[in-house]
Amino acid sequence: MLRITDARTGEPIDAVPARRSLTRVEAHVERDDLSALRVLLVADVLARTLELGGTPVVTVADPPPELRARADALGIRRAEGDRSGAGPALHVLAPDATAVDGIRIEVAPVHGTADPALLRMVLLAAPRRQSVDLAAAAGLDGARETLARWRKSVATWATRPSKPVPERVRQELRAAWEDDLDVPAVLEVLRRVEHADDVPDGARFETYAYADRLLGLELTRDIGAQR
């Protein structure tokens, strides 16, 4: 069960009262900038996490057209529904956003600019309550290298005999994303699996494909590509 920190109290609580209760994830965006884009991204990952745990989700947001286009470029799924829908709500918003009732999941601001192709990876690699300075070129270079290497590796592993995700790895992944949506810890699990001597290539492929249901990094996109 996902435990999330409620910004109103600073305490972790169950994200939903019942695992299969319909839940609204409401992204509150009041500007058209990278900080608002990060709010939409966190809402997207939150919805994916709940779905992986068996909770039906409806995502609600009303971004301006320019922000919606930038969100599309990051693979952020389009919102649906409206704020008056049934079910409990989780509110994803910036720290200075207009106050709302219910569980508040705050997202720190983003400064600078970056290649849109790398932005999702860069933002996922930072804790959501930590501000991100995109002027840190080393971080961008590292994201570019890691993303390219993982996509190439996944395409190679896909040609090996299939093996299931090792149970201990599955549990590590779920423990990470159910612990206050700790996406950086999910990425760390993938880094360990990449070099683990006891994980067959077929199991590496299934692990990365499974984790990408949360990450949305298109890690399988190069499968079958001409090499």
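### Notes on empty space enclosed by the protein
Right, on to step 1. One pass over the full model with this rule turns up 3 cavities of 30 Å³ or more.
Right, on to step 2. A volume near 110 Å³ is recorded for the largest cavity.
Right, on to step 3. Every residue along the wall of the largest cavity is listed here: Arg38, Leu41, Val42, Val45, Leu123, Leu124, Ala126, Arg128, Leu181, Val183 and Pro184.
Right, on to step 4. Every element with two or more residues in the lining of the largest cavity is listed here: α1 (34-52), α3 (116-124) and α6 (183-195).
Right, on to step 5. If you tally residues by element for the lining of the largest cavity, the top one is α1, at 4 residues.
Right, on to step 6. Looking at the lining of the largest cavity, its residues break down into 9 nonpolar, no polar and 2 charged.
Right, on to step 7. In this model, the second largest cavity occupies a volume close to 70 Å³.
Right, on to step 8. Lining the second largest cavity are 10 residues; nearest its centre among them are Leu2, Thr49, Leu50, Gly53 and Glu178.

### Observations regarding the confidence of the model for the protein
Right, on to step 1. Across the protein, the average pLDDT comes to 92, with 94% of residues at 70 or higher.
Right, on to step 2. Considering each helix and strand of the protein separately, the mean pLDDT is smallest for helix α4 (residues 137-157), with a value of 89, and largest for helix α7 (residues 201-215), with 98.

### So, the side chain of Arg38
Right, on to step 1. Mapped onto the fold, Arg38 is located in helix α1.
Right, on to step 2. Among buried charged residues, Arg38 stands out as having no salt bridge; its nearest opposite-charge side chain is Asp182, 10 Å away.
Right, on to step 3. In this structure the side chain of Arg38 is engaged in a polar contact, spanning 2.9 Å, whose partner is the backbone oxygen of Pro127.
Right, on to step 4. Dropping the residues within four chain positions of it, Arg38 is found in contact with Val107, Ala108, Pro109, Val110, Leu123, Ala126, Pro127, Arg128, Gln130, Ser131 and Val132.

### Looking at the pairing of strand β1 (residues 3-6)
Right, on to step 1. By the bridge criterion, 4 bridges tie β1 to strand β2 (residues 11-14) in an arrangement that is antiparallel. By the bridge assignment, Thr5 is partnered in β2 with Pro12.
Right, on to step 2. The hairpin turn running from β1 into β2, its antiparallel successor, is 4 residues long, and Gly10 in that turn takes a positive phi close to 75°.

### Quick word on the environment of Asp96
Right, on to step 1. Along the polypeptide, Asp96 turns up in the loop between β5 (89-93) and β6 (103-106).
Right, on to step 2. When the C-alpha positions of Asp96 and Gly54 are compared, they lie 32 Å apart, and in sequence the two are 42 residues distant.

### Here's the deal with the packing of α1 against α7
Relative placement of two packed helices is described by the angle separating their axes and the distance separating the axes.
Right, on to step 1. Look at α1 against α7: their axes get within 7 Å of each other, and the N-to-C directions meet at 130°. Taken as axis vectors, α1 and α7 run oblique relative to one another. Residue-level inspection shows Val45, Arg48, Thr49 and Leu52 of α1 in contact with α7, the latter providing Tyr210, Asp212, Arg213 and Leu214.
Right, on to step 2. A per-class count over the contact of α1 with α7 returns 4 nonpolar, 1 polar and 3 charged.

### Quick look at the packing of α6 against α7
Right, on to step 1. Contact pair α6 / α7: the axes reach a minimum separation of 10 Å and the direction vectors enclose 165°. By the angle between their axes, α6 is roughly antiparallel relative to α7. Note that α6 runs across α7; the crossing there is left-handed. Across from Val183, Val186, Leu187, Leu190, Arg191, Val193, Glu194 and His195 in α6, the residues of α7 making contact are Arg204, Thr207, Tyr208, Ala211, Leu214 and Leu215.

Rules behind the numbers
- All residue numbers refer to position in the chain's written sequence, counted from 1.
- A pLDDT threshold of at least 70 governs which residues receive local features in this predicted model, and a stricter bar of 80 or more applies before side-chain atom pairs are shown or counted, although totals over entire chains, interfaces and linings include all residues.
- Side-chain figures throughout are based on the complete set of non-hydrogen atoms in the structure, without hydrogens or water.
- The way it works is a 1 Å grid over only the protein atoms, where trapped points that fit a 1.4 Å probe form a cavity and open points with protein on both sides within 12 Å along at least five of seven lines form a pocket, and then any residue with an atom within 4 Å of a point lines it.
- Grid points are joined across faces, edges and corners, and a volume is the space filled by probe spheres set on the points.
- A run of H or I in DSSP becomes a helix once it reaches four residues, and a run of E becomes a strand once it reaches two; helices and strands are each numbered from the N terminus.
- Residue polarity follows a fixed list, in which Ala, Val, Leu, Ile, Met, Phe, Trp, Tyr, Cys and Pro are nonpolar, Asp, Glu, Lys and Arg are charged, and the others, Gly among them, are polar.
- The predictor attaches a confidence to each residue, called pLDDT, with possible values from 0 through 100.
- Relative accessible area decides the class of each residue, using a 1.4 Å probe on protein chains only: under 20% of the type maximum gives buried, over 50% gives exposed, and in between gives partly exposed.
- Residues scored as positive are Lys and Arg, those scored as negative are Asp and Glu, and His as well as the terminal groups of each chain are ignored.
- For this document, the term salt bridge refers to a Lys or Arg side-chain nitrogen within 4 Å of an Asp or Glu carboxyl oxygen.
- Throughout this description, a polar contact denotes any pair of N or O atoms lying within 3.5 Å of each other; where both atoms belong to protein, one of them has to be capable of donating a hydrogen while the other can accept it, and for residues adjacent in sequence the pair is counted only when both atoms sit in side chains.
- By definition in these notes, contact holds between two residues if any of their heavy atoms fall within 4.5 Å.
- Two strands form a pair only when DSSP identifies at least two bridges running between them.
- For helices, the fitted axis covers only the stretch in contact; all axes are lines through C-alpha atoms, and the angles between them, taken along N-to-C directions, range from 0 to 180 degrees.
- An angle below 35 degrees is treated as roughly parallel, one above 145 as roughly antiparallel, one from 65 to 115 as roughly perpendicular, and anything else as oblique.
- Crossings are classed by handedness, with left-handed meaning an anticlockwise turn of the near helix from the far one by less than a right angle and right-handed meaning a clockwise turn.

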